[in-house]
Amino acid sequence: MRILAIDTSSQSAGCALLEDGRLLGEFFTNVKLTHSQTILPMVQSLLDQTRASLSDVDLFAVTTGPGSFTGLRIGLSAVKGMAHALGKPCVGVSTLEALAWQFCGQELLVAPVLDARCAQVYTALFRWEGETLTRLEPDQAIPIAQLEQRLKNEKNAVFLVGDGAEMCYNMLNERVPLLRLAPPTMRYTHAGALALAAERAAGLGYTVSAEQLAPAYLRLPQAERELLAKQQSV
Amino acid sequence: MTRFISHSAEETEQFAEQFAKKLRPGDVVACFGGMGMGKTVFAHGLARGLGLSDEVSSPTFALVQEYTDGNIPLYHFDMYRVSDFDALYSTGFFDYLEQDGVLLIEWSEQIESALPPGAIRLSFARLDENTRELTIEGEGF
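Residues numbered from 1 in each chain as written. Chains lettered and ligands numbered in written order. Predicted model: local features only at pLDDT ≥ 70, side-chain atom pairs only at ≥ 80, totals over all residues. Heavy atoms only, no water.

## Points about the domain arrangement of chain A
Residues and elements named next belong to chain A. The domains assigned to chain A are domain 1 (2-94 + 189-203) and domain 2 (97-186). Of note, the centres of domain 1 and domain 2, computed from C-alpha atoms alone, are 23 Å apart. Facing 15 residues of domain 1, the contacting portion of domain 2 comprises 14 residues. In terms of surface lost to domain 2, no three residues of domain 1 exceed Pro 66, Ser 94 and Arg 200, which account for 40% of the buried area on that side. (Domains from an automatic or database assignment. Contact = heavy atoms within 4.5 Å. Buried area = accessible area lost by both parts, 1.4 Å probe.)

Put into structure tokens, the structure is as follows:
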């Protein structure tokens, strides 16, 4: 099964081609360019350089959120367009789960963190035990202070990964001694890991049509949402 | 802090044009002050000062207008109807902050706690029918 995976959900952008567990090619960029202008040329280059054709793709994978509002819409639109035109199935993967998949095969805890702005992060918590991934917390938008509470009592090292990882590490590492930062090569979302997550999901039957594919924006807790204007917060 | 007394729409526009020349990509200009203060003519002057040749219009209905035909892109927001975090998120505001353009935000009162720390604050006050006091607060002003 050939999977074309696309991620434009956060600061970085990328695409990958996976065939039966083997990564055939991957493209990753992390520059301040608009994903809408880079993602389709990236997919074209990937297909050209792997001598693959779009019509050989059996399944499309995309990160459905949480993440950047514009970014999620770009990735979903691109995948919906291609999958609809070719009549192929899709798999939508949580951006946080795709980040956790970068640690596949390890024995550790992973806390993916995406910067949700205003001292908030999108986060979850996963445990890898070899090939088994266990979700310990759902995808949530929480204040960074709450992330500290969640992680400080962990008895094992917790790896931070995602576009908010460095920020959270710098803010919390003195108070959360077992906090670890993913190395630069693994810190941002990689479409190869997304493709692996999608392959497993597809094996479990979690495929949808292009029409059914939908973004999963995370809403903030009520109290956080309403505190935008300063006079209301006093 | 910079203070400027404008006696006409033309003076406001010219002041905005000069002000624009000090702006750099990534700057956020947060406007405070109600209706009829000259924010729209200020936006016209700002766009011209940034070297943009697009036609500037009010973003009230679109929430955001993009002007990209020039040196530094200008993203012009109207936050009048934006009152909670989800609404702000779905304007793409946080994504525009990552772009190397200038953000001009009308009705910043609405989203004050979400403004980035380095935002330049531009306040309009009405002195009489045609006279306005413009106050700019921010690093370098």
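## Some thoughts on the pairing of strand E6 (residues 120-126) of chain B
All names here are of chain B. Where strand E2 (residues 28-32) lies against E6, four bridges are found, and the strand directions are parallel. Following the sheet pairing, Cys 31 is matched in E6 by Leu 122. Note: E6 against strand E7 (residues 132-137), six bridges, orientation antiparallel. Looking at the pairing, Phe 124 lines up with Leu 134 of E7. Where E6 hands over to E7, the hairpin turn is made up of five residues, counted between the paired strands. (Pairing = 2+ DSSP bridges. Helix = DSSP H or I, 4+ residues; strand = E, 2+ residues; numbered from the N terminus.)

## Describing the nonpolar core
In a soluble, globular protein the nonpolar side chains are often hidden away together inside. Phe 77, Met 79, Leu 88, Phe 93, Leu 103, Ile 105 and Ile 111 of chain B are the most contacted members of the largest nonpolar core, which has 58 residues in total. Among the elements that take part in this core, helix H6 (residues 191-203) of chain A stands out by supplying eight residues, more than any other. Each of two domains, domain 1 (2-94 + 189-203) and domain 2 (97-186) of chain A, supplies a minimum of three residues to this core. (Core = buried A, V, L, I, M, F, W, Y, C linked by side-chain atoms within 4.5 Å. Buried < 20%, exposed > 50% of the residue type's maximum accessible area, 1.4 Å probe, protein only.)

## A word on the packing of aromatic side chains
All names here are of chain B. Taken as a whole and assessed by the stated rule, the structure comprises 15 aromatic pairs over all chains. Between Phe 4 and Phe 15 the ring centres are 4.3 Å apart and the planes differ by 5 degrees, which places this aromatic pair in the stacked class. Linking Phe 4 in strand E1 (residues 2-6) with Phe 15 in helix H1 (residues 9-20), this pair joins segments that are 11 residues apart in sequence. Aromatic rings pair up to connect Tyr 75, Phe 77, Phe 85, Phe 93, Phe 94 and Tyr 96 into one cluster. (Phe/Tyr/Trp six-rings, centres within 6.5 Å; stacked < 30°, edge-to-face > 60°.)

## Observations regarding the interface of chain A and chain B
Interfaces are often described in size by the accessible area the parts lose on coming together. Counting from both sides, the interface comprises 21 residues of chain A and, opposite them, 20 residues of chain B. When the two sides are added together, the surface that chain A and chain B hide from each other amounts to roughly 1,900 Å², 52% of it contributed by carbon and sulfur. Arg 117 of chain A serves as the salt-bridge partner of Glu 98 of chain B, at 2.1 Å between the closest nitrogen and oxygen. Those elements giving two or more residues to the side of chain A that touches chain B turn out to be helix H2 (69-86), strand E6 (107-117) and helix H8 (230-233) of chain A. Here the element with the most residues in the side of chain A that touches chain B is H2 of chain A; it accounts for four residues. Of the residues contributing to the side of chain A that touches chain B, the split by class is 10 nonpolar, six polar and five charged. (Salt bridge = Lys/Arg side-chain N within 4 Å of Asp/Glu carboxyl O. Nonpolar A, V, L, I, M, F, W, Y, C, P; charged D, E, K, R; others polar.)

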